[in-house]
Amino acid sequence: MKTFCGRANPTTGSMEWIEEGEDYDYHQEIARSRYADMLHDKDRNVKYYQGIRAAVSRVKERGEKAIVLDIGTGTGLLSMMAASAGADFCYAIEVFKPMANAAVKIVEKNGFSDKIKVINKHSTEVTVGPDGDMQCRANILVTELFDTELIGEGALPSYEHAHKFLVQEGCEAVPHRATVYAQLVESRRMWSWKKLFPVHVEAEDGEKILVPPSEMENCPGVPSVCDIQLNQMPSSDFSTLSDVVTMFSVDFSKPVQSASTYYRVQLEPVKSGKAQIVLSWWDIDMDPSGMINCTMAPYWPSDPIWRDHWMQCVYFLPREEPVVQGEKLYLTACLGETDARVESPVCRCRAHLLWNRPRLGELNDQNRTRQYIKSLKKVLKTDSVCLCISDGSLLPVLAHYLGAKQVFTLENSGVSCSVMEKFFKANHLEDKIKIIEARPELLKPSHLEDKKISVLVGEPFFTTSLLPWHNLYFWYARTAVSAHLASNVTVLPQSAALHMMIVEFQDLWRIRSPCGICEGFDVQTMDDMIKDSLNFRESKEAEPHPLWEYPCKSLSDPREVLTFDFTKTVPQHCLSTEGSVKLLRKGKSHGAVLWMEYHLTADISVSTGLMQLSNEKGNCEWNPHCKQAVYFFSSVIESEIQSDPTAVTYAINFDTKTGEIAMDFKLL
């Protein structure tokens with residue numbers, strides 16, 4: 001069966017209907033899953049195995065049969081650990097059908113079919129009894145339902161139900177308990193992901209200060225978790241105001257409440273400052289004594305263990321609070337639905353819906369803003385009629401302050417119109433800048449008061465962009481508004497270039513690398529399943545990753561591979577290139593990183609990717625506000641890293657009709 005899927009093309013802006021096979025969603029889910037990353041997490045696997053062995057031993061010492069309930073079994077790994085540790089029987093629950101099917105095959109391949117029953121249901125639908133899914137209640141509960149915030153993935157209702165209906169009272173649990181920790185910090189960098197700071201502009205008639213609307217100043221932001229690889233945040237970017245404190249613990253061997261719970265802890269600041277951010281992580285004790293512990297703590301208090309399926313959380317306080325060293329204060333947290341005592345982090349100003357956290361960081365980047373100011377000063381004249389095409393950009397305000405006669409901004413959505421309206425009002429510019437809510441191809445002369453545009457500007461930035469080249473939508477928009485442009489129009493940026501570099505990742509390669517044997521169990525069925533799904537489409541595509549969080553070293557020099565001339569309209573023909581890059585350093589060629597550079601004027605550029613390269617070691621510094629595109633070589637996916645290739649050939653094709661980039665790489 002085929003399905004027609006509608007999607008807005010992020011590069012061309014057109015609505016497309018694509019025919020997809022019935023397996024499309026399933027392949028996407030598998031290809032983008034983090035199963036491999038979990039199976040590569042040696043620390044997690046070893047600790048689970050130790051905890052399971054200890055739990056089975058405790059039950060056997062009491063003279064009981066060891067019956068295991070494994071909720072969220074995935075590959076069946078934890079059930080196989082239990083069976084090999086001497087469990088009499090395991091019920092392995094997995095709700096995702098393709099995964100449950102893979103678990104059945106893996107269990108069979110490893111010779112545990114007589115000890116493990118895979119049940120393809122949500123755990124809350126599992127029944128117990130002679131005719132049920134389980135013959136009897138289990139006396140060991142094994143779970144791996146955790147996410148970065150610990151109790152996500154709908155975990156609490158699953159635990160609550162399991163204790164009521166599926167396990168015996170006083171059962172053993174692996175993990176036995178989890179503890180959540182918090183630390184209060186001040187960090188201009190992280191705070192810049194929540195607030196818009198004032199922007200200073202040196203204009204001919206003195207300094208102008210651009211301020212956010214008061215509604216945004218007092219808005220608590222959005223509730224979605226901000227999870228990052230905290231280890232990659234330099235310690236110079238934050239200042240700790242408190243010691244690490246325990247926020248709360250959950251004992252999984254006892255009935256767990258799914259009702260919202262309120263926690264309050266006392267802190268004594270170790271330093272005076274502005275409380276802005278709460279950093280948080282958790283650990284799990286696999287046994288009651290706490291001897292077998294698996295921690296998500298960042299490096300600075302412990303040894304480095306890399307994992308991407310569990311990271312650390314950044315929570316933003318509703319507002320900045322001054323704290324004084326030694327003056328005690330209380331930190332409150334709410335687990336589950338928020339309660340009246342804790343302000344719910346729901347955006348009321350709508351700006352946080354328009355500008356996500358990396359985007360706010362980008363708007364607050366003074367160096368970047370200076371580049372745009374410098375460029376605008378070069379191209380604006382006193383009679384300039386300026387049109388800005390970007391989502392929720394500050395460029396229209398900069399253009400007005402820097403002397404443009406008239407400024408229009410084209411906004412693509414109701415949200416960006418309402419946010420920009422408030423923004424202009426807060427700066428008394430509502431009658432100076434005209435907002436047009438229209439798609440570029442529907443722009444009429446009356447929108448522009450029958451004027452021709454002499455300066456067309458864009459960052460470019462669009463909220464629909466996922467990959468670096470999706471912002472080429474600016475080029476398509478520029479083409480659509482051609483009739484409204486003066487014959488001598490200045491376009492800023494004047495052009496863009498796609499850049500590429502071959503890299504070796506410190507750890508990110510693990511998310512695409514097969515596992516083969518995991519703690520002595522053969523999980524190749526899982527590898528094959530992921531590979532099939534990657535081959536279905538994804539392995540020939542680049543994927544977006546914020547590389548400031550994922551260290552890598554360059555094996556080649558960066559190379560400009562394609563250029564896009566914004567002074568002209570989008571051509572009818574494809575843009576293609578091929579060539580080869582020499583590998584200058586020894587290392588494993590995991591893949592190519594691609595990014596865009598925008599040439600604002602002849603001598604001013606901004607990069608969405610590489611900011612700096614230290615040549616001796618090849619360490620890279622990446623733009624922290626953008627995701628770069630990563631194309632993993634098939635050798636990573638097939639675990640056949642070639643020994644010392646000397647060069648990589650590439651073929652890259654930009655299809656101007658679809659706005660898509662196809663690429664192919666070969667190691668020589």
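The name given to the chain in an unreviewed UniProt entry is Protein arginine N-methyltransferase, and the organism recorded there is Zosterops lateralis melanops. What UniProt records for the chain under Sequence similarities (unreviewed entry) is the sentence "Belongs to the class I-like SAM-binding methyltransferase superfamily. Protein arginine N-methyltransferase family. PRMT7 subfamily."

Draft legend 1. Molecular detail of the overall build of the chain. From N to C terminus, the chain includes 16 helices and 37 strands. A compact globule built from 668 residues would reach a C-alpha radius of gyration of about 26 Å, and the chain, at 28 Å, matches this within 12%. For the chain, the spread of C-alpha atoms along the three principal axes comes to 90 × 65 × 50 Å. Relative to its 668 residues, the chain shows a buried fraction of 56%. Sequence separation of 24 or more characterises 79% of the internal contacts of the chain that already satisfy a separation of 6 or more. Taken as a whole, the chain presents about 28700 Å² of accessible surface, with 49% of it coming from carbon and sulfur. When the 70 basic and 88 acidic side-chain charges of the chain are each reduced to a single mean position, those positions are 3 Å apart.

Draft legend 2. The arrangement of the pairing of strand β35 (residues 628-632) in detail. Counted residue by residue, β35 has five buried out of five residues, so it is predominantly covered. Here β35 shows a buried face lined by Gln628, Val630 and Phe632 and a second buried face lined by Ala629 and Tyr631. Sheet topology note: the strand β27 (residues 543-545)/β35 ladder contains three bridges and is antiparallel. Paired with glutamate 543 across the bridge in β35 is valine 630. Relative to β35, strand β31 (residues 591-601) runs antiparallel, the two sharing four bridges. Each bridged residue has a counterpart across the sheet, and for leucine 594 the counterpart in β35 is alanine 629.

Draft legend 3. Quick look at the packing of helix α3 (residues 42-61) against helix α4 (residues 77-84). It is the contact of α3 with α4, at a shortest axis distance of 9 Å, that shows an interaxial angle of 40°. Considering their axes alone, α3 and α4 lie oblique with respect to each other. Between α3 and α4 lies a crossing whose hand is right-handed. Taken together, the residues of α4 that come into contact with α3 (itself represented by Arg44, Asn45, Tyr48, Tyr49, Ile52 and Val56) are Leu77, Leu78, Met81, Ala82 and Ser84. When its residues are assigned to classes, the contact of α3 with α4 shows eight nonpolar, two polar and one charged.

Draft legend 4. Geometry of the environment of aspartate 287. For aspartate 287, the location among the structural elements is in the loop between β15 (273-285) and β16 (293-295). Each C-alpha atom of the pair aspartate 287 and histidine 470 lies 49 Å from the other, and the pair is 183 residues apart in sequence. Excluding residues within four positions of it along the chain, aspartate 287 makes contact with Arg58, His176, Arg177 and Ile292. Side-chain polar atoms of aspartate 287 contact the side chain of serine 289, separated by 2.5 Å. At 3.1 Å, the side chain of aspartate 287 forms a polar contact with the backbone nitrogen of methionine 291.

Draft legend 5. Spotlight on the packing of aromatic side chains. Following the criterion strictly, the structure yields 21 aromatic pairs and no others. On the basis of an interplanar angle of 25° and a centroid distance of 4.6 Å, the ring pair of tyrosine 159 and phenylalanine 252 is categorised as stacked. With tyrosine 159 in helix α6 (residues 155-166) and phenylalanine 252 in the loop between β13 (245-251) and β14 (261-267), the pair connects residues that are 93 residues apart, well separated along the chain. Grouping residues by exposure puts tyrosine 159 and phenylalanine 252 together as buried. With a centroid separation of 5.5 Å and 45° between ring planes, the pair formed by phenylalanine 633 and phenylalanine 665 is classed as tilted.

Draft legend 6. Seen up close, the pairing of strand β23 (residues 485-492). In this structure, strand β22 (residues 453-457) lies alongside β23, joined through four bridges in parallel fashion. Its bridge partner lying in β23, leucine 456 is registered against valine 491. In terms of handedness, the path from β22 via helix α14 (residues 473-480) over to β23 forms a crossover that is right-handed.

Draft legend 7. Helix α11 (residues 366-379), seen in detail. For α11, spanning 14 residues, the distance from its first C-alpha to its last is 20 Å, which sits close to the expected 20 Å at 1.5 Å a residue. At the N-terminal boundary of α11, the capping side chain belongs to aspartate 365, with an oxygen 3.1 Å from the backbone nitrogen of asparagine 367.

Draft legend 8. Structural view of the side chain of aspartate 308. Within the secondary structure, aspartate 308 is located in the loop between β16 and β17 (312-323). For aspartate 308, the side chain forms a polar contact with the side chain of glutamine 229, separated by 3.0 Å.

Draft legend 9. Up close: the pattern of salt bridges. Summed over all chains, the structure comprises 31 salt bridges. Glutamate 441 is the salt-bridge partner of arginine 439, the closest N and O atoms lying 2.9 Å from each other. When its relative accessible area of 31% is taken as the criterion, arginine 439 is described as partly exposed. The partly exposed category is assigned to glutamate 441, whose relative accessible area is 47%. Bridged by salt links that share partners, the residues Asp41, Asp43, Lys47 and Arg307 form one connected network.

What counts, and at which threshold
Residues numbered from 1 in each chain as written. Predicted model: local features only at pLDDT ≥ 70, side-chain atom pairs only at ≥ 80, totals over all residues. Heavy atoms only, no water. UniProt positions renumbered as here; feature names shortened; annotations may be inferred. Helix = DSSP H or I, 4+ residues; strand = E, 2+ residues; numbered from the N terminus. Rg over C-alpha atoms; globule rule 2.2 N^0.38 Å. Buried < 20%, exposed > 50% of the residue type's maximum accessible area, 1.4 Å probe, protein only. Contact = heavy atoms within 4.5 Å. Areas by Shrake-Rupley, 256 points an atom, 1.4 Å probe, with all protein chains shown as cover. Lys, Arg positive; Asp, Glu negative; His and termini not counted. Charge placed at Lys NZ, Arg CZ, Asp CG, Glu CD. Pairing = 2+ DSSP bridges. Axes fitted to C-alpha atoms, helices over the stretch in contact; angles between N-to-C directions. Parallel < 35°, antiparallel > 145°, perpendicular 65-115°, else oblique. Left-handed = near helix turned anticlockwise from the far one by under 90°. Nonpolar A, V, L, I, M, F, W, Y, C, P; charged D, E, K, R; others polar. Polar contact = N/O pair within 3.5 Å; in protein donor to acceptor, adjacent residues only side chain to side chain. Phe/Tyr/Trp six-rings, centres within 6.5 Å; stacked < 30°, edge-to-face > 60°. Right-handed = clockwise from strand over helix to strand, strands pointing away. Expected span 1.5 Å × (residues − 1). Salt bridge = Lys/Arg side-chain N within 4 Å of Asp/Glu carboxyl O.

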